[in-house]
Amino acid sequence: MTGYRIRPAPSVIPFPLLLAGLLGAAPAPGLSFVRHDWELVCDNTRTCRAAGYQADDPELPAVSVLVTRAAGPGQAPRVQLQLGSYGADAPVPAGEQLTMQVDGHAAGKVQVPADTGIGELAPKLAATLLAALARNAEVAWTDGAATWVLSGKGSSAVFLKMDDFQGRVGTPGALVRKGAKPEEGVAPALPAPVVLAAPVPRTGADDPAFKRIDLRQLAADLRKSVSKDDCERLDQLGADGKGITLARLSDSRLLASAACWMGAYNTGDAYWVINQAAPYAPQLVTTNATEYSDGTLTSTQKGRGLGDCGASEEWVWTGDKFTPTRAASSGMCRLVAPGGAWELPELVTQVQRRPK
């Protein structure tokens, strides 16, 4: 995943590109794949999540299904259903129990709590849904008045990609292209990497080292470390360096930040690790951050102005650098829910805090 930066645009950003923009030039730790109305995100532990939606038609009630499968032999897929809740026009079910239909025939019931709008299919019903999608049957849910229709377009390609990533193709547990190969050959789950977060000193704006910083020189150094195309707002710093914010990371290292870019519905700040005295030797962490707190940088970006989708990333200070600890998208921009339908991580870690 390289070569694409997040830039707000009037059109919807495809999620592999949106997430790639957050990850920058870092190698992809997992997998992202989109085909028509379905998408797949597999994280670095080999857990895969496939999400499907209604057809891309604003007249259709929004609905989404999430198929989650951990890596390793004998792992059954978990299937969740979410009804659209974005906007005042979203239909509200008459009750909390819906009937799943396959080609117009009742296949079973699913409980969808009103407070979450998300229900989980029982294992037998989940298997029925996956088998129906494999043969291109129409799957829908109804309360007797409204009907939520799931698109199957792209599901087979997404399921095949999931099976391939997890090494299930040709095994009895494959979602498509089943076979007799033993499950023992399925790729095992990988542990989430452990990241040791270093404590950062609690100092304020009156830190004596901040007053000794030559802001004019630091501003010049920061401009040299990033291209104007990636950080056009750096030109607004001025020669005196006003607009640079500083925070202490350790006895000798500081975190410098400045406004980097702005669009219609997203902004990004740039952050650098610098020496507390010249030469400052700035090391760029990201140009997409939206918040910093207590040794953790975060970036939260919308996929489009409606706010029904987005992507996020996190970095943690480990004592000598900021290490990526999380990267995720929220699913396609299909008006399912404010902020997005699901949490689709591509990078997961275990962050452990060192004692102060």
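Model, not experiment: these values are computed from the prediction.

Cut-off values and rules
- Residues numbered from 1 in each chain as written.
- Predicted model: local features only at pLDDT ≥ 70, side-chain atom pairs only at ≥ 80, totals over all residues.
- Heavy atoms only, no water.
- Helix = DSSP H or I, 4+ residues; strand = E, 2+ residues; numbered from the N terminus.
- Buried < 20%, exposed > 50% of the residue type's maximum accessible area, 1.4 Å probe, protein only.
- Lys, Arg positive; Asp, Glu negative; His and termini not counted.
- Charge placed at Lys NZ, Arg CZ, Asp CG, Glu CD.
- Core = buried A, V, L, I, M, F, W, Y, C linked by side-chain atoms within 4.5 Å.
- Contact = heavy atoms within 4.5 Å.
- Phe/Tyr/Trp six-rings, centres within 6.5 Å; stacked < 30°, edge-to-face > 60°.
- Lys NZ or Arg CZ within 6 Å of the ring centre and 35° of its normal.
- Pairing = 2+ DSSP bridges.
- Axes fitted to C-alpha atoms, helices over the stretch in contact; angles between N-to-C directions.
- Disulfide = S-S within 2.5 Å.
- Salt bridge = Lys/Arg side-chain N within 4 Å of Asp/Glu carboxyl O.

Our next topic: the overall build of the protein. For the protein, the helix and strand inventory stands at 5 helices and 21 strands. The 356 residues of the protein split such that 49% are buried. Computing the positive centroid from 35 side-chain charges and the negative centroid from 36, the protein places the two 5 Å apart.

The subject of this paragraph is the nonpolar core. Generally speaking, soluble globular proteins have nonpolar side chains that are buried together. Core analysis: the biggest nonpolar cluster contains 36 residues, and Leu-81, Leu-129, Trp-141 and Phe-159 have the highest contact counts within it. Per-element accounting of this core gives the leading share, 6 residues, to helix H2 (residues 123–134). When neighbours within four sequence positions are excluded, Trp-141 is seen to be in contact with Val-63, Val-65, Leu-81, Leu-98, Thr-99, Met-100, Val-110, Leu-129, Ala-146, Thr-147, Trp-148 and Leu-150. Among the nonpolar cores identified, the runner-up in size contains 20 residues, and Leu-218, Cys-231, Ile-274 and Tyr-280 belong to it.

Moving on: the packing of aromatic side chains. Here the distance between the centres and the angle between the planes together describe a pair of aromatic rings. In the structure shown here, the tally under the stated rule is 3 aromatic pairs. Between the aromatic rings of Trp-38 and Phe-159, the centroid separation amounts to 5.3 Å while the plane-to-plane angle is 70°, which identifies the pairing as edge-to-face. Linking Trp-38 in strand E2 (residues 38–42) with Phe-159 in helix H3 (residues 155–166), this pair joins segments that are 121 residues apart in sequence. Taken as a pair, Trp-38 and Phe-159 share a single burial class, namely buried. Between the aromatic rings of Trp-317 and Phe-322, the centroid separation amounts to 5.3 Å while the plane-to-plane angle is 50°, which identifies the pairing as tilted. Directly above the aromatic system of Phe-33 lies the positively charged group of Lys-161, at a separation of 4.8 Å from the ring centroid.

Across the sheet, 4 strands lie side by side as E7-E6-E9-E10; this open sheet has antiparallel pairing. One side of each edge strand has no neighbouring strand; the edge strands of this open sheet are strand E7 (105–111) and strand E10 (147–150). The sheet shows a mean angle of 25° between the axes of neighbouring strands, taken without regard to direction.

What follows concerns the state of the cysteines. One pass over the structure, following the stated rule, counts 3 disulfides. Disulfide partner of Cys-42: Cys-48, at an S-S distance of 2.0 Å. Here the S-S torsion is close to 110°, and the disulfide linking Cys-42 with Cys-48 is therefore right-handed. Cys-48 carries the same exposure label as Cys-42, and that label is buried. Bonded cysteines in the protein are paired 1-2, 3-4, 5-6 when counted in the order they occur along the chain.

What follows concerns the sheet that holds strand E16 (residues 291–293). Pairing is antiparallel across the open sheet formed by 5 strands, whose spatial order is E16-E17-E18-E19-E20. Of all strands in the sheet, those bounded by a partner on one side alone are E16 and strand E20 (344–347). Sheet twist, expressed as the average angle between the axes of neighbouring strands with direction ignored, equals 20°. For strand E17 (residues 296–302) and strand E18 (residues 310–317), the ladder comprises 7 bridges, and the chain directions are antiparallel.

This part takes up unusual backbone geometry. Residue Pro-279 is reached from Ala-278 by a cis peptide bond, and omega for that bond is 0°. Counting through the fold element by element, Pro-279 comes out in the loop between strand E14 (267–275) and strand E15 (283–289). Phi is positive for His-36, which is not a glycine, with a value near 55°. Along the chain, His-36 falls in the loop between strand E1 (31–35) and E2. Here His-36 falls in the partly exposed class, since its relative accessible area comes to 46%. Residue Leu-335 is not a glycine yet carries a positive backbone phi of 60°. Residue placement: Leu-335 occurs in the loop between strand E19 (322–329) and E20.

Right, let's talk about the pattern of salt bridges for a bit. For the coordinates displayed, the defined rule picks out 8 salt bridges. One salt bridge in this structure joins Arg-202 and Asp-294, with 3.9 Å as the shortest N-O distance. Within this pair, whereas Arg-202 is found in the loop between strand E11 (194–197) and helix H4 (208–212), its partner Asp-294 is found in the loop between E16 and E17, the two being separated by 92 residues in sequence. Close ionic contact of Arg-304 with Asp-308 constitutes a salt bridge, the shortest N to O distance being 2.6 Å. Comparing Arg-304 with Asp-308 shows no difference in burial state: the two are buried. Residues participating in the shared-partner salt-bridge network are Asp-37, Asp-56 and Arg-334.

With that settled, consider the pairing of E18. Across the 8 residues of E18, 7 count as buried, placing the element largely inside the fold. Counting the residues that bridge the hairpin from E18 to E19 gives 4 residues, and of these Gly-319 lies at a positive phi of roughly 115°.

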